[in-house]
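Fold and geometry: a report
Here is what each chain is made of, one letter per residue.
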Amino acid sequence: MVYTLALTVAVFPALLFILTNGDIMTKFGMEIVEEISDERNMGDGVWLYFKPGYIWQREVHQIHEDTLAKCKAQFKYVTVCTCEQCVARQIKR
Ligand SMILES: [Zn+2]
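Calculation rules
Residues numbered from 1 in each chain as written. Predicted model: local features only at pLDDT ≥ 70, side-chain atom pairs only at ≥ 80, totals over all residues. Helix = DSSP H or I, 4+ residues; strand = E, 2+ residues; numbered from the N terminus. Buried ≥ 20, exposed ≤ 12 C-beta atoms within 10 Å, placed from the backbone. Pairing = 2+ DSSP bridges. Axes fitted to C-alpha atoms, helices over the stretch in contact; angles between N-to-C directions.

Here the phi dihedral of Gln-57 falls at roughly 50°; this positive angle occurs in a residue that is not glycine. By the element assignment, Gln-57 lies in the loop between strand S3 (54-56) and strand S4 (62-65). Judged by local crowding, Gln-57 falls into the exposed class, with 10 C-beta atoms found within 10 Å. Here the phi dihedral of Arg-58 falls at roughly 55°; this positive angle occurs in a residue that is not glycine. With respect to the helices and strands, Arg-58 occurs in the loop between S3 and S4.

Shown next as structure tokens:
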């Protein structure tokens, strides 16, 4: 009984992490992107600006790459963001 409880406590956060990460992966694509700025014709690649609540590498609220395919490859580094800026923007909606 104690063992079961200990196992549950140990496994649950890992499971939760996988589930929430999986959630982001299913959102992979346009659901987390608010705006795309294709500046390839100006030699400045592609910019994907996120909807409030998401961040790339815990640094910036967008992805910037040479191509859309490269942008998509960066989605695995996108996590949920609860910074002041995101929260304020979410409330405004
Ligand atoms: Zn944020």
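So, about the sheet that holds strand S1 (residues 33-38). On the basis of which strands lie adjacent, the open sheet formed by three strands has the order S1-S2-S4 and antiparallel pairing. The open sheet has two edge strands, S1 and S4, and neither has a second partner. Shown here is a sheet whose adjacent strand axes are inclined to one another by a mean of 10°, direction ignored. Judged from the four bridges that link them, strand S2 (residues 46-50) and S4 form a sheet pairing that is antiparallel. Bridge pairing links Leu-48 to Ile-63 in S4.

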